[in-house]
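Results of the structural survey
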Amino acid sequence: MIKNYLTIAFRNFWRHKLFTLINITGLSVGISATLVIYLIVHYDFTFDKFHKDSDRIYRVVSNFSFQGRPGYNRGVSGIVPPSIRSKVTGVELTAPVYTLSPDVFIPSKKGVPTKFKAQDRIAFTDPQYFKIFNYTWLAGSPSTSLAEPNQVVLTSERAKLYFPSLPYSQILGKIVTYDTLQATVTGIVQTFTQNSDLTFRDFISFSTVNAHKNLADMAGLTDWGGTSSSSVVFIKLLPGIQPANIEKQLNNILKKENPPSPDDKGSSRSFSLQALEDVHFNSDYGVFDFSDSASKNTLYGLMIIAAFLLVLACINFINLTTAQATQRAKEIGIRKTMGSSRWQLVIQFLSETFFITLFAVIISIALTPLILKLFADFIPAGVKADFIHQPDILLFLVILTLAVSFLSGFYPAVMLSGYKPVLVLKNQAQNNSSKTRNAWLRKSLTVSQFVIAQFLIMATILVSKQIYYALHKDLGFKKDAIIVINAPFRKSNPVINFVLLNKLRAMPQVELAGIGADAPSSGGTNTTSGIYMNGKSEIKTEVELKFGDTNYIPIYQIKLLAGRNIVPSDTMKAALINNAYAKVLGFKNPDDALGKSFKLNGKPMVIAGVMGDFAERSLHSAINPLALQYGQSKFETRVLHVALKPETAGGHEWKTAIAGMEKAWKEAYPDDDFGYYFYDENIARFYDDERNTATLLTWATGLSILISCLGLLGLAIYTTNQRTKEIGVRKVLGATVTQIVALLSSELVMLILLAFAIVTPLSWWAMHRWMEGFADRTTISWWIFAGSGTAMLLVAILTSSFQTIKAAIAKPVDSLRSE
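Described in the following lines is the structure provided in the data block. (Residues numbered from 1 in each chain as written. Predicted model: local features only at pLDDT ≥ 70, side-chain atom pairs only at ≥ 80, totals over all residues. Heavy atoms only, no water.)

1. Section: helix α13 (residues 342-374)
In plain terms, the rule: Comment: elements are numbered from the N terminus, with helices defined as DSSP H or I runs of at least four residues and strands as E runs of at least two. Working rule for helices: expected span equals 1.5 Å times residues minus one. Fitting axes to the seven residues that end at a residue and to the seven that start at it, the angle between those axes gives the bend at that residue.
Counted at 1.5 Å a residue, the expected span for α13 with its 33 residues is 48 Å, and the 46 Å between its end C-alpha atoms agrees. The largest bend in α13 comes to about 35°, at L367, with the proline P369 one to four residues further on.

Below, the structure written as structure tokens:
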């Protein structure tokens, strides 16, 4: 019987080659997209799932509120971990983690240590870390490693980097120097092969921090006031303990040890527990500086796109199969007359669908590595099409094949198998009600296709419009032809930086150069409290701090609405504020704010000038109160801002300037790599996620249109074939080619217009919700909807016109010859 099913299936495929090709192409496109999206989603949702009792593992995080504005930090005060161990009940294990990025030195036989610059993924922690998280030990013992100060455990990856020629057992006892701190290797663990955000490579004993005063001061081990994102703590709860219980205890301890002061009116601070499974997805707290968080909303969006494309492909199959139903009517009638049951016919038709789906899946498997390579720029590097070593992917493919076969083939199989032999053999395969029902089904499914395709077109246009708006909007400062150079974070020296600055100013290609901290709009934040006494009332506000010199304002061409620029004598007594801060303080006219006294971080200041507002971060964030001070300290003078003169057409002035800057840099910091970036490119990187979304939407839109057009072409071919004689009669009676094309296309136009009426309000609602994520956003213009509908109409008419025009210009004698 199976052989018979196969024979009949392949005979039918060969007889209807074009329709079979359309079905396989549509399904392979939909399945390929679904498979790639599954690989991405599966990759992100499996992070740190392999740890034992992962549902009981949490990270303690800090939450802030300042005048109603929330703030988040993945770190805690350095004193929190020991306080949890001594004062909190219900916690089984506690592991402090303090991260840093030092230079690493390894002794060599030549006497000159091998240097590894600024290694990341290095952390101070203690033995309980290895009890919370599952590591495989290759050398050393978890009970003794990290038990004493100046000990280090390496991962296998880092051990091979530091000591490439030694087996693990001989690496034990070796000395590794982190900047000036020497540590002895006491253990080696296997680098995680599973997906994990805990990708630390060097684990230095936390007791080392206590043994070195400078490290203890930096980690703030006795300070309840500070919060550093470098100081993290993981805990494992006892079975049955609720996170809310631990949060309550922690916040009670915080209130007792660090009670709010009278100056903290309107501000608050609290601790909460973040589940391990949430660490990979929560961008508020972030993962670690060396890891990026994923967006659940983006992943859910990808899953919706995959479902859309798969549904489009299934709709195509159903439409084309039901449209061809009458061509198999006699076959079905004879089979039933010969004794075939209805369920035997259902199985036959479902098996045909299964084979088509199977061919599409095989094509998709072959295409997946190519698609991953094509989108390598924004698909996580860990996403791989490893079908052999990942059995869950094979299981997904099996389930997907069966699901698509059932969804695509069940209705056509039930419909075809329901034909009555007597009517079939009388050339009356379907009565009028059946024909009407099937026609309405095809129309409904076709409208659904156009709804999905137009929705994706509208979404793509809006996302692209918002990105264009963000990149071309006047942000309140100049961003073109500016180079930003960051001095080495730990080695930054104001004296050296000023010497370097003078060398840059002397270069002929440089228009202006200045020194300070972050550029006007940056990813980093540096905030403090600002206090202004307005009569008897106190206005306390969180204020963003920027540092620069006298050239900072002219380099970035920031507008001065009132007052003067900052000067060196302003270091500790005067500052500029932005107009947003002036309004918060109650000054409607910027001139009224000049000379007023206020406090920044508790230090008295005078308002020397008021700047025009500028974007401090991406357009996702609103413009907040900001102050600009003259920089003087190490961290206030570690960034060089260089405005270049315009480059002549075809000239290489900027390239020459960069080469000269690198030479000057090497004279100032010979051991460090020269790092710089063009400021406008850095601004553009704020919107990488949106650009990736736009790219994905563009491809999804293109694929949805392709699938829809394939189905439309198939239906056009079938319809014109069915109406061949009608077209011939109309031409004999005087109908023109234009009239016939209009007749054949009128139904299609009505379906597209109906789809447009359905999708427009849905698209507007979805766009409005997405745009709420931007504090400054473009408008949802009417032409987005009109253009999308028009584009879909033109594409659909163009696709069907190949067949309708061909039918319209055919000679009537050819179509009427059989009459």
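Having put the structure on the table, let's press on.
2. Notes on the pattern of salt bridges
Let me state the cut-off plainly: Within this document, salt bridges are pairs made up of a side-chain nitrogen of Lys or Arg and a carboxyl oxygen of Asp or Glu, the two lying within 4 Å of each other. Summary of the burial criterion: residues with accessible area below 20% of their type's maximum are buried, those above 50% are exposed, and those between are partly exposed, where the area comes from a 1.4 Å probe applied to protein chains only.
In the structure shown here, the tally under the stated rule is 14 salt bridges. Salt-bridge contacts for E277 lead to K49; the nearest nitrogen and oxygen are separated by 3.2 Å. Note that E277 is positioned in helix α10 (residues 276-279) and K49 in the loop between α2 (17-45) and β1 (57-66), a separation of 228 residues in sequence. A residue is classified by how much of its surface remains accessible, and K49, at 44% relative accessible area, is partly exposed.

3. Side note on unusual backbone geometry
With a phi angle near 60°, R121 is a residue other than glycine that sits in the positive phi range. Take R121: it is sitting in the loop between β5 (114-116) and β6 (122-125). Its relative accessible area of 21% is what places R121 among the partly exposed residues.

4. Examining helix α9 (residues 243-257)
Each turn of an α-helix holds 3.6 residues, which means side chains three or four residues apart point in the same direction. With 15 residues, α9 ought to run about 21 Å at 1.5 Å a step, and its terminal C-alpha atoms sit 21 Å apart, in line with that. Turning to α9, its buried residues number three or more, namely P243, I246, Q249, L250, N251, I253 and L254.

5. Looking at the pairing of strand β12 (residues 231-237)
For clarity, the cut-off: When DSSP finds at least two bridges between two strands, those strands are taken to pair.
The element β12 is extensively covered by neighbouring structure, given that seven of its seven residues are classed as buried. Burial along β12 is two-sided: the face carrying S231, V233, I235 and L237 and the face carrying V232, F234 and K236 are both buried. The sheet contact formed by strand β3 (residues 91-100) and β12 spans seven bridges and is antiparallel. Each residue of the ladder has a partner; that of Y98, found in β12, is S231.

6. Considerations on a nonpolar patch on the surface
Quick note on the threshold: The patches reported here contain residues having more than 30% relative accessible area and no salt bridge. Joining distances are 9 Å for like charges and 5 Å for nonpolar side chains (Val, Leu, Ile, Met, Phe, Trp, Tyr). The accessible surface values rely on the Shrake-Rupley method and a 1.4 Å probe; as for residues, cover is taken only from the protein chains in view.
Taken together, the side chains of F354, L358, I362, V398 and L402 define a hydrophobic patch exposed on the protein surface, amounting to about 410 Å² of accessible area. Of all elements in the fold, only α13 and α14 (391-417) reach the threshold of two or more residues within the nonpolar patch. For the nonpolar patch, the leading source of residues is α13, giving three residues. Within the secondary structure, L402 is located in helix α14.

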